[in-house]
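So the chains spell out like this:
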Amino acid sequence: MTTGTAFALTRNDHPRSAAERSEILANPGFGRYFTDHMISLRWNEEKGWHAPEVLPYGPIPMEPSASVLHYAQEIFEGLKAYRQPDGSVATFRPEANAARFQRSAERLAIPPLPEDVFVASLKELVAVDGEWVPAAGGEEALYFRPFIFADEETLGVKPSNSYRFLVIASPAGAYFAGGVKPVSVWLSREYVRAAPGGTGFAKCGGNYAASLVAQAQAAQQGCDQVVWLDAIEHEAIEEMGGMNLFFVLGSGSSARIVTPELSGSLLPGVTRSSLLQLARDAGFETEERRITVDELKEGVASGTITEVFACGTAAVITPVGRVKGSEEDFTIGDGQPGEITMALRETLTGIQRGTVPDTHGWMTTL
Ligand code: PMP
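Residues numbered from 1 in each chain as written. Predicted model: local features only at pLDDT ≥ 70, side-chain atom pairs only at ≥ 80, totals over all residues. Heavy atoms only, no water.

Notes on the environment of Cys204
For Cys204, the position within the fold is in the loop between strand S9 (183-188) and helix H5 (205-209). Each C-alpha atom of the pair Cys204 and Thr355 lies 34 Å from the other, and the pair is 151 residues apart in sequence. If we skip the residues at most four places from it in the chain, Cys204 touches Glu74, Ile75, Phe76, Leu108 and Thr199. (Helix = DSSP H or I, 4+ residues; strand = E, 2+ residues; numbered from the N terminus. Contact = heavy atoms within 4.5 Å.)

In structure tokens:
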């Protein structure tokens, strides 16, 4: 497929009415409702990526032998479209998601989708379903879920000879409807998410399937989220269930902002890389390095670690208020959102919503 290839449009004959849509947009939650259309492309050895289409959102016929159902050859992405003050619709660093999608594809032996096709698909979807992008002024957005799965009819354990790429979209409500609230986290020592040489850096469904039991354990322990440690020593902090982690050392203008290095077993978040940049813009020193549970414990006890937060597309930044594990249970600072945490959050949400200047050229109009 070459750049500029037209997407064939089949309109949904039964789109939701304007009234139904506004009712949904008034309280969308997350991942509960889907827009009227979806994007579809296919891949086979002869044609590569081809057949770009805009289709009515709906069931996808699949053989019970489709290899994704057996061996989980699948990858996905997640990013949002934000209504701008002038009424246009823009998304945040889509080329970064497209590049990560390619790296995930390579790890899962899936043929990579060209970056420009990825971005063009988002444009096509907004062209038909733009009315589903929530109004400006709040924290609501339209969430895109691009994904590729293997659909060859075979039980052979091998890369599939055919794939589908789909993009569906779902309106997402404000993550913190009642104001930003710190989360509690459970340090998982019993389960690991990813090991060196594994698939931790890729966004593949299997990573999430394997995380569910640990997330359930975190909930049993009264915590909101699980924190993953390194697979070998269970000492280095890696990331949360669906977000990267940051630590603020010191305070005021001399604070240092630390995040776990990209070890290969954690997901390189687009929010993570953007916040590193924004922290440097604000004059903070940043460090990407190994940080252990002991360093966190001692830093919090001595007062050198003043703030901890998690970050990702869904919530942008979530303060971490309490850390619990089999050997510890402590509060970060006074358990409330930290000053630097909230300042970085304001800046990044402002850029995404078009109220803070986009000095890095991160926004793409759809
Ligand atoms: N880690 C994991 C495991 C995730 O699923 C996500 C969400 N994609 C993130 C980190 C944050 O990544 P991003 O900032 O690109 O949303």
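Overview of the environment of Arg256
Inspection of the secondary structure assignment puts Arg256 in strand S13 (residues 256-260). Judged by its relative accessible area of 31%, Arg256 is partly exposed. Residues Arg256 and Glu285, spaced 29 residues apart in sequence, show a C-alpha to C-alpha distance of 4.9 Å. For Arg256, the residues in contact, after removing those within four places along its chain, are Phe247, Val248, Leu249, Glu285 and Glu287. Within polar-contact distance, the side chain of Arg256 engages the side chain of Glu287 at 2.7 Å. (Buried < 20%, exposed > 50% of the residue type's maximum accessible area, 1.4 Å probe, protein only. Polar contact = N/O pair within 3.5 Å; in protein donor to acceptor, adjacent residues only side chain to side chain.)

What to know about the site of the ligand
As a structural note, the neighbourhood of the ligand is formed by 16 residues, with Lys203, Tyr208, Glu239, Thr271 and Thr313 the closest of them. One of the backbone N or O atoms of Val270 is found 2.8 Å from an oxygen atom in the ligand. A distance of 2.6 Å is found between an oxygen atom of the ligand and a side-chain nitrogen or oxygen belonging to Thr313. Burial of the ligand by the protein chains amounts to 95% of its free accessible area of 390 Å². Because more than half of its atoms lie within 2 Å of the grid, the ligand is assigned to the largest pocket. Where the shell around the ligand is concerned, the elements lending two or more residues are helix H7 (270-281) and strand S15 (305-312). Partitioned by chemical class, the residues of the shell around the ligand number five nonpolar, seven polar and four charged. (Near = heavy atom within 4 Å. Areas by Shrake-Rupley, 256 points an atom, 1.4 Å probe, with all protein chains shown as cover. 1 Å grid on protein atoms, 1.4 Å probe; cavity = no way out; pocket = protein on both sides within 12 Å on 5 of 7 lines; lining within 4 Å. Sits in = over half its atoms within 2 Å of the grid points. Nonpolar A, V, L, I, M, F, W, Y, C, P; charged D, E, K, R; others polar.)

Details of the packing of helix H3 (residues 94-107) against helix H4 (residues 115-129)
With their axes 9 Å apart at the nearest point, H3 and H4 run at an angle of 125 degrees to one another. Here H3 lies oblique to H4, going by the angle between them. The chirality of how H3 crosses H4 is right-handed. Note on element contacts: H4 touches H3 through Glu115, Phe118, Val119 and Leu122, opposite Pro94, Glu95, Asn97, Ala98, Ala99, Phe101 and Gln102. Residues that form the contact of H3 with H4 fall into these classes: seven nonpolar, two polar and two charged. (Axes fitted to C-alpha atoms, helices over the stretch in contact; angles between N-to-C directions. Parallel < 35°, antiparallel > 145°, perpendicular 65-115°, else oblique. Left-handed = near helix turned anticlockwise from the far one by under 90°.)

Describing helix H9 (residues 339-353)
For H9, spanning 15 residues, the distance from its first C-alpha to its last is 21 Å, which sits close to the expected 21 Å at 1.5 Å a residue. Taken as a whole, H9 has its buried residues at Ile340, Thr341, Leu344, Arg345, Leu348, Thr349, Gly350, Ile351, Gln352 and Arg353. Where H9 ends, the next residue or the one after it, Gly354, has phi of about 80 degrees, a positive value. (Expected span 1.5 Å × (residues − 1).)

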